[in-house]
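Each chain, letter by letter, is given below.
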Amino acid sequence: MTQIKNDLFLKALRGETVERPPVWMMRQAGRYLPEFMEIKAKYDFFTRCQTPELASEITVQPIRRYGMDAAILFSDILVIPQAMNIDVEMKAGIGPWLPDPIQKPSDLDRVIVPDINDTLGYVMDAIDMTKEKLNNEIPLIGFAGSPWTILCYCVEGQGSKNFAKAKEFCFTEPEAAHQLLQKITDTTIAYLKQKVKHGVNAVQVFDSWGGMLSPTDYQEFSWQYIQQIIDSLKDETHVIAFGKGCWFALNEMSKSGASALGVDWTCSARNARYLTGGNITLQGNFDPSRLLSPPAEIKKMVTQMIREFGKDKYIVNLGHGILPNIPIENAGAFVEAVKEYKEEA
Ligand code: CP3
């Protein structure tokens, strides 16, 4: 394997000592960037995902501007249901829109576990092209949604504050729900393995809606499937598990074989370290809305956050995706603060 020039991110994933922690931002290729908006004005969402030239260009945009320590491939978690024969559209002002959601057990008949190269080959082409553009400067992260988070969209048909329909489906049709979760899991494992073959250096599983479930239901409907993904991938690559609102599961997650765990801003660094036994790399957890504070204040808060997590076994990130209304210089202050970080003597 070719050596990556800036390997801070990989060092942190391996738990090695670093001069400063690495930094990237969830959803760093996004609507707060004017150069992203230029491409968005010309091409619809899935065209951007499906055209390797566009996806790779959008992936490197934030890197060119800010020099993060890792890139994350521009795509979406919802390409998985699309590949499984569940239509997904992206509607302006609404977001994800599934015209034919899963509402009853017989709806599962049309859901397939697809051949990855037939359905998602464009993602692999985007990875190849992105790797070329990155020229081994920094690692590339591949990702997928957690099976539970994907089920949420498949059943609800769109975003939701509480995903009540998705929960109703799980609690009234548990057998069908588990069948769907297993199909999503099988597809996701094959998909992520293919990404690793194409050279991604780590994969992150986004469980954006795990925090909608009680701790007991979380084990049954979300975590056991994420654990399957980790088991299948951990010998091939680093797996980062991010569960929004899932601090209650951090202890169990720390024993899973994941290389790192994402933490959102509602959990203190101290609590996250305590729950995970201090041994695993943690990633997070700046409140995305806090990027609306003045740059000088952002820098102070980021420095404080690094002190609290400790510089080792730590990846600086937000606690969830960056918001579209963040001024570009504020996002810059976030990255700069990490690069300027010096350990106190
Ligand atoms: O992090 C990155 O920069 C990589 C790109 C990325 C996107 N989506 C691009 C995108 C990643 C990692 C995702 C993951 C994703 N997609 C998640 C999990 C992470 C999270 O933030 O919770 C979820 C839940 C989705 C589903 C989804 N796709 C939503 C809720 C939306 C936003 C709808 C809206 O309009 O607010 C999308 C669309 C989307 N995916 C955008 C981007 C940059 C914005 C719309 C656009 O570009 O046209």
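Scroll up a little and you will see the structure.
Residues numbered from 1 in each chain as written. Predicted model: local features only at pLDDT ≥ 70, side-chain atom pairs only at ≥ 80, totals over all residues. Heavy atoms only, no water.

*Asks:* Give me the lowdown on the pairing of strand β4 (residues 140-145), citing residues and values where you can.
*Replies:* Of all 6 residues making up β4, 6 are buried, and the element is well covered by its neighbours. The pairing of strand β1 (residues 71-72) with β4 spans 2 bridges and is classified as parallel. Note on β4: the bridge partner recorded for Ala71 is Leu140. (Buried < 20%, exposed > 50% of the residue type's maximum accessible area, 1.4 Å probe, protein only. Helix = DSSP H or I, 4+ residues; strand = E, 2+ residues; numbered from the N terminus. Pairing = 2+ DSSP bridges.)

*Asks:* An account of the sheet that holds strand β9 (residues 314-318) is requested, with residue identities and associated values reported.
*Replies:* Neighbouring strands of a sheet are bound in pairs by backbone hydrogen bonds; such pairs are parallel or else antiparallel. Taken in spatial order, the 7 strands of this open sheet run β1-β4-β5-β6-β7-β8-β9, and their pairing is parallel. On the outer flanks of this sheet lie β1 and β9, each paired with one strand and no other. As defined by bridge partners, strand β7 (residues 260-263) adjoins strand β8 (residues 281-286) across 4 bridges and the pair is classed as parallel. Residue pairing across strands places Gly262 opposite Gln283, the latter belonging to β8. Sheet strands in contact with helix α10 (residues 215-233) are β5 (202-207) and β6 (238-243), and its direction is about 175° off that of β5. (Contact = heavy atoms within 4.5 Å. Axes fitted to C-alpha atoms, helices over the stretch in contact; angles between N-to-C directions.)

*Asks:* Let's hear about the site of the ligand: which residues, and what values?
*Replies:* Near the ligand lie 24 residues; those nearest to it are Arg27, Lys40, Asp76, Ser208 and His320. Within the backbone of Arg27, an N or O atom sits 2.7 Å from an oxygen atom of the ligand. A distance of 2.9 Å separates an oxygen atom of the ligand from a polar side-chain atom of Arg48. In isolation the ligand offers 870 Å² of accessible surface; the protein chains occlude 89% of this area. Secondary structure elements with two or more residues in the shell around the ligand: α2 (34-42), α3 (45-50) and β3 (95-97). (Near = heavy atom within 4 Å. Polar contact = N/O pair within 3.5 Å; in protein donor to acceptor, adjacent residues only side chain to side chain. Areas by Shrake-Rupley, 256 points an atom, 1.4 Å probe, with all protein chains shown as cover.)

*Asks:* Run through unusual backbone geometry, naming residues and quoting values.
*Replies:* Look at the link from Gly284 to Asn285: it is a cis peptide, with omega at -15°. Here Asn285 is to be found in strand β8. Residues other than glycine seldom take positive phi values, yet Arg27 does so here, at roughly 60°. With respect to the secondary-structure elements, Arg27 resides in the loop between α1 (8-14) and α2. A relative accessible area of 56% places Arg27 in the exposed class. A positive phi is found at Phe163, a non-glycine position, where the angle reads about 50°. Mapped onto the elements of the fold, Phe163 is located in the loop between α7 (147-156) and α8 (164-172).

*Asks:* So what about the environment of Arg110? Which residues, and what values?
*Replies:* Tracing the sequence through the fold places Arg110 in the loop between β3 and α6 (116-134). For Arg110, a relative accessible area of 28% corresponds to the partly exposed category. C-alpha of Arg110 to C-alpha of Arg290: the two residues are 180 residues apart in sequence and 43 Å apart in space. Residues in contact with Arg110, not counting those within four places in the same chain, are Met84, Asn85, Asp100, Pro101 and Ile102.

*Asks:* Residue-level account of the state of the cysteines, with values.
*Replies:* The final tally for this structure, using the stated rule, is 0 disulfides. Not part of a disulfide, Cys49 finds its nearest cysteine sulfur in Cys154, a span of 16 Å. Cys152 carries a free sulfur, and the closest cysteine sulfur to it, the one in Cys170, is 7.5 Å from it. Residue Cys152 is classed as buried on the basis of its relative accessible area of 0%. (Disulfide = S-S within 2.5 Å.)

*Asks:* Break down the nonpolar core for me, with residues and values.
*Replies:* Grouped together as the largest cluster of nonpolar side chains are 126 residues, with contacts concentrated most on Phe9, Met25, Leu151 and Phe334. Considering every element that reaches this core, the biggest residue donor is helix α9 (residues 174-197), with 9 residues. Sequence-distant contacts of Leu151, defined by excluding residues within four places in its chain, comprise Ala166, Cys170, Ala177, Leu180, Leu181 and Ile184. (Core = buried A, V, L, I, M, F, W, Y, C linked by side-chain atoms within 4.5 Å.)

*Asks:* Please provide a residue-by-residue account of the side chain of Thr149, values included.
*Replies:* Position of Thr149 relative to the elements: it lies in helix α7. One polar contact links the side chain of Thr149 to the main-chain amide nitrogen of Ser208, over a distance of 3.1 Å. If we ignore the near neighbours within four places in the chain, the residues touching Thr149 are Ile77, Phe206, Asp207, Ser208, Trp209 and Gly210.

*Asks:* Go over α6, please, and point to the residues and values.
*Replies:* Tyr122 marks the point of greatest bend in α6, at about 45°. Along α6, the residues classified as buried are Ile116, Leu120, Gly121, Tyr122, Val123, Met124, Ala126, Ile127, Thr130 and Leu134. Between a side-chain oxygen at the N-terminus of α6 and the backbone nitrogen of Asn117 the separation is 3.0 Å; the capping residue is Asp115. Following α6 by one or two positions, Asn135 adopts a phi angle in the positive range, close to 50°. (Bend = angle between axes of the 7 residues up to and from the residue.)

*Asks:* An account of the packing of aromatic side chains is needed here, citing residue identities and associated values.
*Replies:* For the coordinates displayed, the defined rule picks out 12 aromatic pairs. On the numbers, 5.9 Å between centres and 65° between planes, the contact of Phe36 with Phe74 is edge-to-face. Of this pair, Phe36 sits in helix α2 while Phe74 sits in the loop between β1 and α5 (79-83), and the two are 38 residues apart along the sequence. When the ring of Phe143 is compared with that of Phe206, the centres are 5.6 Å apart and the planes differ by 85°; the resulting orientation is edge-to-face. Of this pair, Phe143 sits in strand β4 while Phe206 sits in strand β5, and the two are 63 residues apart along the sequence. Classification of Phe143 as buried rests on a relative accessible area of 8%. Put simply, the rings of Phe36, Phe45, Phe46 and Phe74 touch in pairs and so form one group of aromatic residues. Against the face of Phe143 rests Lys195, its NZ or CZ located 4.9 Å from the ring centre. (Phe/Tyr/Trp six-rings, centres within 6.5 Å; stacked < 30°, edge-to-face > 60°. Lys NZ or Arg CZ within 6 Å of the ring centre and 35° of its normal.)

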